[in-house]
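Secondary and tertiary structure notes
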Amino acid sequence: MSLFLPKLSCKKDIDEVIKGVAEKVVVLRFGRDEDSVCLQLDEILSKTAHDLSNMASIYIVDVDKAPIYTRYFDISYIPSTVFFFNGQHMKVDYGSPDHTKFVGSFKTKQDFMDLIEVIYRGAMRGKMIVQSPIDPQNIPKYDLLYHGI
């Protein structure tokens, strides 16, 4: 399904999107096209892209082609989804220790759409961190991995 979503293949492309998209949430899905969970997430992203086009721009990033961002966001599990608004990294409190990214696939299209709406409305009010509207039971659980400790 990621055929329908634009792909960013290098740091320069990612930087341009983050800095260049104004007044919309930039959604970056980090993962691999051949991963089954990434494909599941891509289906949700592609089905909601049109409905969210006024609030969000959605992009696919291959973790192997963007190692700088993969390290920067400590992407240990894929898929991981990161959000920006007007060049600023948006953080979301999912009730987990990591507010920088959503790890795993969303359970439903509605969960993703609700999250984008909350991020968009919070960002428009100047907030840099918002509370997740997703039911905690629908948020994948994982353990943080700290490299080099």
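Predicted, not measured: the structure shown is a model, and the values here were computed from it. (Residues numbered from 1 in each chain as written. Predicted model: local features only at pLDDT ≥ 70, side-chain atom pairs only at ≥ 80, totals over all residues. Heavy atoms only, no water.)

**A few points about the nonpolar core**
- In this structure, Val25, Phe83, Phe106 and Phe112 are the most contacted members of the largest nonpolar core, which totals 27 residues.
- Elements supplying a minimum of two residues to this core: β2 (25-31), α2 (36-49), β3 (56-62), β4 (80-85), β5 (88-93) and α4 (109-124).
- It is α4 that contributes the most residues to this core, seven residues altogether.
- If you look at the next biggest cluster of nonpolar residues, it comprises 17 residues, including Val21, Leu28, Tyr69 and Phe84. (Core = buried A, V, L, I, M, F, W, Y, C linked by side-chain atoms within 4.5 Å. Buried < 20%, exposed > 50% of the residue type's maximum accessible area, 1.4 Å probe, protein only. Helix = DSSP H or I, 4+ residues; strand = E, 2+ residues; numbered from the N terminus.)

**Points about the pattern of salt bridges**
- Applying the stated criterion across every chain, the model contains nine salt bridges.
- In this structure, aspartate 15 and lysine 11 form a salt bridge, with 2.5 Å as the shortest nitrogen-oxygen distance. With aspartate 15 and lysine 11 both in helix α1 (residues 11-20), this residue pair falls four residues apart, about one helical turn.
- A relative accessible area of 16% places aspartate 15 in the buried class. (Salt bridge = Lys/Arg side-chain N within 4 Å of Asp/Glu carboxyl O.)

**Structural notes on unusual backbone geometry**
- That bond from isoleucine 78 to proline 79 is cis: its omega, -5 degrees, falls within 30 degrees of zero.
- Looking at where proline 79 falls in the secondary structure, it is placed in the loop between α3 (67-72) and β4.
- Positive phi is not limited to glycine here, since glutamate 23 has a value of about 60 degrees.
- Taking relative accessible area as the criterion, glutamate 23 reaches 40% and is therefore assigned partly exposed.

**Considerations on α2**
- Helix length check: α2 (14 residues) gives 20 Å between terminal C-alpha atoms against 20 Å at 1.5 Å per residue, within 8%.
- Residues Cys38, Leu41, Asp42, Ile44, Leu45, Ser46 and Thr48 constitute the buried set of α2.
- Among the residues of α2, the N-terminal cap falls to aspartate 35, whose side-chain oxygen and the backbone nitrogen of valine 37 are separated by 3.1 Å. (Expected span 1.5 Å × (residues − 1). Polar contact = N/O pair within 3.5 Å; in protein donor to acceptor, adjacent residues only side chain to side chain.)

**Brief notes about the environment of arginine 71**
- With respect to the helices and strands, the residue arginine 71 is situated in helix α3.
- Sequence spacing of arginine 71 and lysine 12 is 59 residues, and the spatial spacing of their C-alpha atoms is 16 Å.

**Side note on the packing of aromatic side chains**
- Inspection of every chain in the model, using the stated rule, returns eight aromatic pairs.
- Geometrically, the ring pair formed by phenylalanine 30 and phenylalanine 73 is tilted, given 6.3 Å between the ring centres and 55 degrees between the ring planes. With phenylalanine 30 in strand β2 and phenylalanine 73 in the loop between α3 and β4, this residue pair connects regions lying 43 residues apart in the sequence.
- By relative accessible area, phenylalanine 30 is classed as buried at 0%. (Phe/Tyr/Trp six-rings, centres within 6.5 Å; stacked < 30°, edge-to-face > 60°.)

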